[in-house]
Amino acid sequence: MKKLVTIIVVLLIALVGIIGYQKSTVKQEEIKIEEIEAIEKYIHQIYMWREITEESLPCFEDINQANENWIWEVVKKNVEEYEFTYEEIQQKAKEMFGENFHKDFPKEGTEYIFLDEEKQQYFAVGMGMDKEEEAFLLSKIEKIKDGYEVEIIEYLEDYSLVTEDQDTIIIKNLTGEEMGRMAEKEEEKAKELVKENKDRFSKKKIILKAQNEKLYVKRVYQE
């Protein structure tokens, strides 16, 4: 009898394990390739340059509390023309951040968005950039209510060694520590290097809201 009870308990434990595994597998399969591509594309749209915005993607609890310099540089990056009206800037901000975004663009312009008072038009102004390019890769994606929680790994691609004779880039973490070198064209190799050393790179988590087949950033934080 004891042997029979033991067998039943073992079978029950195994069954629970199988159900748990199936749930985990389904959870992963729920995120389609198209969803991953859309998430990566949107994060690229809001991922900026540290020289201009201090952080490529600053942390915030609510989009309306985000760094204003970063907000308007995101908008500028995603307008189709270099000349635009105030209304076009506001509309693009809504497109990028959703209807819950309530910030007003400063009518006098910003450091990199110049106002021509005579024409009442705004112009995108050029900026100086260094040879370090900010980059990220998707680490984890989890479906949550009304959207996704996405973890990214941040790193730098240093092009200071690239010349006509060589195309070597240096992969660094955000503190400037060199992690490896490779040819400029070996993008996948760079990503593998970052994945293999992910504990030595900075990570951020992004809460994205999915609405009407569009994505909007709600929150960015570090654990």
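Please read these numbers as outputs of a predicted model, since none were measured by experiment. (Residues numbered from 1 in each chain as written. Predicted model: local features only at pLDDT ≥ 70, side-chain atom pairs only at ≥ 80, totals over all residues. Heavy atoms only, no water.)

Draft legend 1. Fine view of the side chain of Gln-90. The residue Gln-90 is located in helix H5 (residues 86-97) in this model. Look past the residues within four positions of Gln-90 in its chain and what remains in contact with it is Trp-72, Lys-103, Asp-104 and Phe-105. (Helix = DSSP H or I, 4+ residues; strand = E, 2+ residues; numbered from the N terminus. Contact = heavy atoms within 4.5 Å.)

Draft legend 2. Focus on the packing of helix H4 (residues 68-78) against H5. Following both chains from N to C, one finds H4 and H5 inclined at 100°, their axes separated by 9 Å at the closest point. By the angle between their axes, H4 is roughly perpendicular relative to H5. Contact residues: Trp-70, Ile-71, Trp-72, Val-74, Val-75 and Asn-78 in H4; Ile-89, Gln-90, Lys-92, Ala-93, Met-96 and Phe-97 in H5. The class makeup of the residues in the contact of H4 with H5 is nine nonpolar, two polar and one charged. (Axes fitted to C-alpha atoms, helices over the stretch in contact; angles between N-to-C directions. Parallel < 35°, antiparallel > 145°, perpendicular 65-115°, else oblique. Nonpolar A, V, L, I, M, F, W, Y, C, P; charged D, E, K, R; others polar.)

Draft legend 3. View of the confidence of the model for the protein. Here the protein averages 86 in pLDDT, and 86% of its residues register 70 or above. With pLDDT under 50 throughout, residues 1-29 is counted as low confidence; its partners more than four residues away or in other chains account for one contact. (pLDDT = per-residue confidence, 0-100.)

Draft legend 4. Geometry of the packing of aromatic side chains. According to the stated counting rule, one finds 10 aromatic pairs in the structure shown. Centre to centre, the rings of Trp-72 and Phe-101 are 6.0 Å apart; their planes meet at 70°, and the pair counts as edge-to-face. With Trp-72 in helix H4 and Phe-101 in the loop between H5 and strand S2 (113-116), this residue pair connects regions lying 29 residues apart in the sequence. The pair Trp-72 / Phe-101 is uniform in exposure class, with both members buried. Plain terms: the ring middles of Tyr-86 and Phe-105 are 6.1 Å apart, the flat faces sit at 55° to each other, and that makes the pair tilted. With Tyr-86 in helix H5 and Phe-105 in the loop between H5 and S2, this residue pair connects regions lying 19 residues apart in the sequence. On the accessibility criterion, Tyr-86 (17% relative accessible area) is buried. A residue is classified by how much of its surface remains accessible, and Phe-105, at 2% relative accessible area, is buried. Three or more aromatic residues joined by ring pairs form one cluster here, namely Phe-60, Trp-70, Trp-72, Tyr-86, Phe-97, Phe-101, Phe-105 and Tyr-122. Cation over ring: Lys-77 sits above Trp-49, and NZ or CZ is 5.5 Å from the ring centre. (Phe/Tyr/Trp six-rings, centres within 6.5 Å; stacked < 30°, edge-to-face > 60°. Buried < 20%, exposed > 50% of the residue type's maximum accessible area, 1.4 Å probe, protein only. Lys NZ or Arg CZ within 6 Å of the ring centre and 35° of its normal.)

Draft legend 5. Fine view of the packing of helix H2 (residues 33-46) against H4. Direction vectors running N to C along H2 and H4 enclose 115°, while the axes themselves pass 8 Å from each other. When the interaxial angle is binned, H2 and H4 end up roughly perpendicular. Listed contacts from H4 to His-44, Gln-45 and Ile-46 of H2 are Trp-70, Val-74, Lys-77 and Asn-78. Here the residues of the contact of H2 with H4 sort into three nonpolar, three polar and one charged.

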